[in-house]
Amino acid sequence: MKLYNSLTRTKEEFVPIDKNLVKMYTCGPTVYHFAHIGNLRSYIMEDVLEKYIRYVGYPVKRVMNITDVGHLSSDADTGEDKMLKGAKREKKTVMEIAKFYTDAFFEDCRKLNIKTPDVVEPATGCIDEFIKVIEGLIEKGFAYEAGGNIYFDTSKLSQYYVFNNFAEEDLQDGVREGVEKDDNKRNKADFVLWFTKSKFDDQELKWNSPWGVGYPGWHIECSCISMKHLGGDLDIHCGGIDNAFPHHTNEIAQSEAYLGHKWCNLWFHVLHLNTNSGKMSKSKGEFLTVSLLESKGYSPLVYRLFCLQSHYRKSLVFSYENLDNAKVAYEKLLARIAKLSKDGEVDSAKFEELKKIFTDAMDNDINTSLAITALYDVLKSDANDATKRALIADFDKVLSLDLIEGADNLGKNDEGADDELTAIVNEAIARRAEAKKAKDFATADKIRDELKEMGIMIKDTAQGVVWEKI
Ligand code: AMP
Ligand code: ZN
């Protein structure tokens, strides 16, 4: 399997440090608001990566943090703590906000068939670990105290900008929203490991430390949580592209300075989901969430398919028109799978031949776009129905689109209906979907009414349109 490594800027053969346990770390959400569907694009693509590594036979231990302290409005350590901002906005405590949005995040993940990582650790649960590592960094001469805060000294490194291949605007993405100058820093790139009360009096969550009452910086949490659960090395570290700088750059700096050796082999970065008006942001007014899509009649799995139709290393533009296309594709896919007979024997030679189209796509840097095409190749092939169903079920261990379950739900509609009626109804449903896509709701409603007159009731569900005789 080849994976692109942001660190070496090449596609590399993936060789785990220990083939008995692949160690994977994912930057988790900052739980001060709902996750937007851009955040969730990253988690969907990381989920597919994890599932594919398992699919090819490696056990995986995946760890994710929950950022519930220390992530300031600007990734460059300035502004207010995002959690405090959320708490003030909703007149709740930081911990209430953290609990609410952590639960909301996992509920979105559940709807999108994103597996919960093996370990999920909130930053506030690891304060002792942060202090231990920061003490180690001070001892080794990589950190200093200034103005009450502890900073990492980037001048002590032979190379700090490890991801400097990224376009200037990608790097700038990291340093969002109004950067203020911090005179305590010895070097421009230095970053905070520990903030003290002296800087942020209104910080709600504070802990004792050898440097005074305060709280950790955002970057230190990921290094420490990874080391706590995965030890001193790591196969893959994941995150959205905006995290490459400064967050991941700082994680590498402090982890390797502390450990005294290379820390993580491969960096997997997911490019952004954008709208026509630009980047998605939690801090800008109404933003796109899974619930919003649901309220507009889109199944979360339609959004998952929409993401899988593109490669993770290309930025993706969200529009309702594009999502409508994914919806039609999903409904048609389920309808075609529903037509496959469940009888017969799987032809193992054919199975292997067609599976190779899927694995070739995925082995080439998780090319989910071609992996989706492999589904159509299976459906179009001369394989028997049992083999087709087995292949689709097999690919869906990675794609997680509920293809068999969804198709079987559709199949339930036509119990007792003959093939002719099924064909007529499916054709009408497809026409209705096309009409909705073209925003021709009058025609869509007319088709529904015509079906009703024929004694057919249709319903929009999570897996698409289902129907029954009334
Ligand atoms: P946050 O909750 O802001 O810490 O971000 C959670 C994850 O979403 C991180 O991996 C980010 O890099 C990623 N992310 C943020 N914005 C986007 C976007 N527009 N598209 C894809 N991923 C994103
Ligand atoms: Zn992180």
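Residues numbered from 1 in each chain as written. Chains lettered and ligands numbered in written order. Predicted model: local features only at pLDDT ≥ 70, side-chain atom pairs only at ≥ 80, totals over all residues. Heavy atoms only, no water.

Attention now moves to the pairing of strand E7 (residues 119-122). In E7, alternate side chains face the same way, and those of Val119 and Glu121 are buried while those of Val120 and Pro122 on the opposite face are not. With four bridges joining them, strand E4 (residues 60-66) and E7 adopt parallel strand pairing. Within E7, the position partnered with Ile66 by the bridge is Pro122. (Buried < 20%, exposed > 50% of the residue type's maximum accessible area, 1.4 Å probe, protein only. Helix = DSSP H or I, 4+ residues; strand = E, 2+ residues; numbered from the N terminus. Pairing = 2+ DSSP bridges.)

Glancing now at the environment of Glu321. In this structure, Glu321 sits in helix H10 (residues 320-338). Placed 118 residues apart in sequence, Glu321 and Lys439 show a C-alpha to C-alpha distance of 9.6 Å.

The next subject is the site of ligand 1. Near ligand 1 lie 17 residues; those nearest to it are Thr30, Gly38, Ser42, Asp242 and Leu273. The backbone of Gly240 places a nitrogen or oxygen atom 2.9 Å from an oxygen atom of ligand 1. Burial of ligand 1 by the protein chains amounts to 97% of its free accessible area of 490 Å². For the shell around ligand 1, the elements supplying multiple residues, two or more each, are helix H1 (37-55) and strand E12 (234-240). Considering every element that reaches the shell around ligand 1, the biggest residue donor is H1, with four residues. Of the residues that constitute the shell around ligand 1, the class distribution is five nonpolar, 10 polar and two charged. (Near = heavy atom within 4 Å. Polar contact = N/O pair within 3.5 Å; in protein donor to acceptor, adjacent residues only side chain to side chain. Areas by Shrake-Rupley, 256 points an atom, 1.4 Å probe, with all protein chains shown as cover. Nonpolar A, V, L, I, M, F, W, Y, C, P; charged D, E, K, R; others polar.)

Time to look at the coordination of the zinc ion (ligand 2). Around the zinc ion (ligand 2), the protein supplies Cys27 (SG), Cys222 (SG) and His247 (NE2) as donor atoms, at distances of 2.0 to 2.1 Å. Mapped onto the sequence, the donors of the zinc ion (ligand 2) take the spacing C-x194-C-x24-H. In this pair, Cys27 is assigned in the loop between strand E3 (22-26) and H1 and Cys222 in helix H6 (residues 218-230), connecting sequence segments 195 residues apart. You'll find Cys27 and Cys222 in the same group, each marked buried. (Donors = N, O, S within 2.8 Å, 3.2 Å for Na, K, Ca; no water.)

The next subject is the sheet that holds strand E16 (residues 316-318). Taken in spatial order, the three strands line up as E15-E14-E16 in an open sheet, and their pairing is mixed. Edge strands, defined here as strands with exactly one partner in the open sheet, are strand E15 (278-279) and E16. Here strand E14 (residues 273-275) runs beside E16; their pairing, made up of three bridges, is parallel. Paired with Asn274 across the strands is Val317, a residue of E16. In the packing of helix H9 (residues 300-308) onto the sheet, contacts are made with E14 and E16, and the angle to E16 comes to roughly 150°. (Contact = heavy atoms within 4.5 Å. Axes fitted to C-alpha atoms, helices over the stretch in contact; angles between N-to-C directions.)

Going through the model one piece at a time under the given rule, you end up with zero disulfides. Cys109 takes part in no disulfide bond, and the closest cysteine sulfur to it belongs to Cys307, at a distance of 12 Å. Residue class for Cys109 comes out buried when judged on its relative accessible area of 3%. Summary of cysteine pairing: Cys224 is not part of a disulfide, and the nearest cysteine sulfur, belonging to Cys126, is at 7.8 Å. (Disulfide = S-S within 2.5 Å.)

The relative placement of two packed helices is expressed as an angle between their axes plus a distance between the axes. For the pair H1 and H9, interaxial distance at closest approach is 10 Å and the crossing angle is 70°. The orientation of H1 relative to H9 falls into the category roughly perpendicular. Touching Ile37, Gly38, Arg41, Ile44, Met45, Asp47, Val48 and Lys51 of H1 are Tyr303, Arg304, Cys307 and Leu308, all from H9. Taken together, the residues of the contact of H1 with H9 break down into seven nonpolar, one polar and four charged. (Parallel < 35°, antiparallel > 145°, perpendicular 65-115°, else oblique.)

Per-residue pLDDT for the protein chain averages 90, and the proportion of residues at 70 or more is 91%. Taken as a whole, residues 166-178 scores under 50 in pLDDT and shows 31 contacts with residues more than four places along the chain or in a different chain. (pLDDT = per-residue confidence, 0-100.)

On to the environment of Leu112. Mapped onto the fold, Leu112 is located in the loop between helix H3 (94-111) and E7. Sequence spacing of Leu112 and Asn367 is 255 residues, and the spatial spacing of their C-alpha atoms is 19 Å. If sequence neighbours within four positions are ignored, Leu112 has contacts with Leu40, Ile44, Val290, Pro300, Leu301, Tyr303 and Arg304.

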